Amino acid sequence: MKRSVRIRSGLKRLLAVLLSAFLVVCHGGCGRHQETDRLEAIRQRGYLEVCTEPYFAPFEFVDTSKTGDSQYVGLDMELARYIAEKLGVELRIVPLEFSALLAAMSEGKYDMAISALAYSPEREESMNLSKGYYFGVSDYGFLTRAGEETKYASIESLKDAVVVTQSGSVQEALYRQQVPACKEFKLVSSMTDGYLMVSQGKADVCICSTGSAALYAEANGGLAIPNFSFQVDESMLGTRVAVPKGDDNLIAFVDQCIEELQASGQLEIWYDEATQYAKTLGVQ
């Protein structure tokens, strides 16, 4: 009888220990769940990490006369600073190659990417995308050497051309969806590299955002934009901010900032200022 009482007493103590352990785990788990709210985590740590591929004027480019994060300028960098200011935190800019930027967002490595990102269904599957914030430059077309803009002015004309564009970009997707054939297709890590290949005769056509390409052509000479535009679904128009998948509170905050800036017309002002800024620097 005493043995039975001792066994029951031991079981009660064991159950009490297990219950205490469960409550500790549950409490810790709940705490970790709360910590995964990235919006609150940013506010608590006091800084916002934004990655960008800083070679796409006038959205993001480098002023080499400056140092640190202040060297990264353009419409997108002003947007990043506005978001950080509204959050009441420091902005930290992380320059990356474009493909690395997309991977970083898919992996949740940084808080957001602001880099003239266009919408695509594939991107929406791996990251949260904001509403479109700038629609002034929405044409996708070609960059060629000056004098060849009439030679390469249609999709059919590319069958004998060496074509280049940026890896992982919407422009690459447009090529794969709409161009049946070309002489050779090349991918580069940045759009600037594509422009340079055309200029150097290593490619005949760069598939590009024509607004940014025109700015490059004006600054460097010897290049032209043919009278051609890809047919693009309306959902793909406009540049967007990306945050890691599932960070719904953060993307809602970003959308709120975008709405404020659109209502005031500030995004258009920043775009015009950045365009002039890039011209004065002779951005390459």
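Residues numbered from 1 in each chain as written. Predicted model: local features only at pLDDT ≥ 70, side-chain atom pairs only at ≥ 80, totals over all residues. Heavy atoms only, no water.

**A few points about the sheet that holds strand E8 (residues 162-166)**
Sheet architecture is open: 5 strands sit in the order E9-E8-E10-E7-E11, paired in mixed fashion. Of all strands in the sheet, those bounded by a partner on one side alone are strand E9 (184-188) and strand E11 (223-224). Across the sheet, helix H7 (residues 191-199) touches strand E7 (140-145), E8, E9, strand E10 (205-209) and E11, and the angle it forms with E10 is around 145°. Here helix H8 (residues 210-220) sits on the sheet and contacts E7, E10 and E11; the angle it forms with E10, its principal contact strand, is near 120°. (Pairing = 2+ DSSP bridges. Helix = DSSP H or I, 4+ residues; strand = E, 2+ residues; numbered from the N terminus. Contact = heavy atoms within 4.5 Å. Axes fitted to C-alpha atoms, helices over the stretch in contact; angles between N-to-C directions.)

**Comments concerning helix H3 (residues 75-87)**
Counted at 1.5 Å a residue, the expected span for H3 with its 13 residues is 18 Å, and the 19 Å between its end C-alpha atoms agrees. Remark: Gly 88 follows H3 within two positions and exhibits a positive phi of approximately 75°. (Expected span 1.5 Å × (residues − 1).)

**What about the side chain of Ser 115?**
In this structure, Ser 115 sits in strand E5 (residues 112-118). One polar contact links Ser 115 to Thr 52, side chain to side chain, over a distance of 3.5 Å. Filtering out sequence-adjacent residues up to four positions away, Ser 115 remains in contact with Thr 52, Glu 53, Glu 60, Asp 76, Phe 98 and Leu 101. (Polar contact = N/O pair within 3.5 Å; in protein donor to acceptor, adjacent residues only side chain to side chain.)

**Some details on the pairing of E8**
Counting buried residues along E8, 5 of its 5 residues qualify, which places the element largely inside the surrounding structure. Bridging between E8 and E9 involves 5 bridges; their strand directions are parallel. In the sheet register, Val 162 faces E9, and the bridge partner there is Glu 184. In this region the chain leaves E8, passes through helix H6 (residues 170-178) and returns to the parallel neighbour E9; the handedness of that crossover is right-handed. Bridge count for E8 against E10 is 2 bridges, and the pairing is parallel. When the bridges of E10 are listed, Val 164 appears paired with Cys 206. (Buried < 20%, exposed > 50% of the residue type's maximum accessible area, 1.4 Å probe, protein only. Right-handed = clockwise from strand over helix to strand, strands pointing away.)

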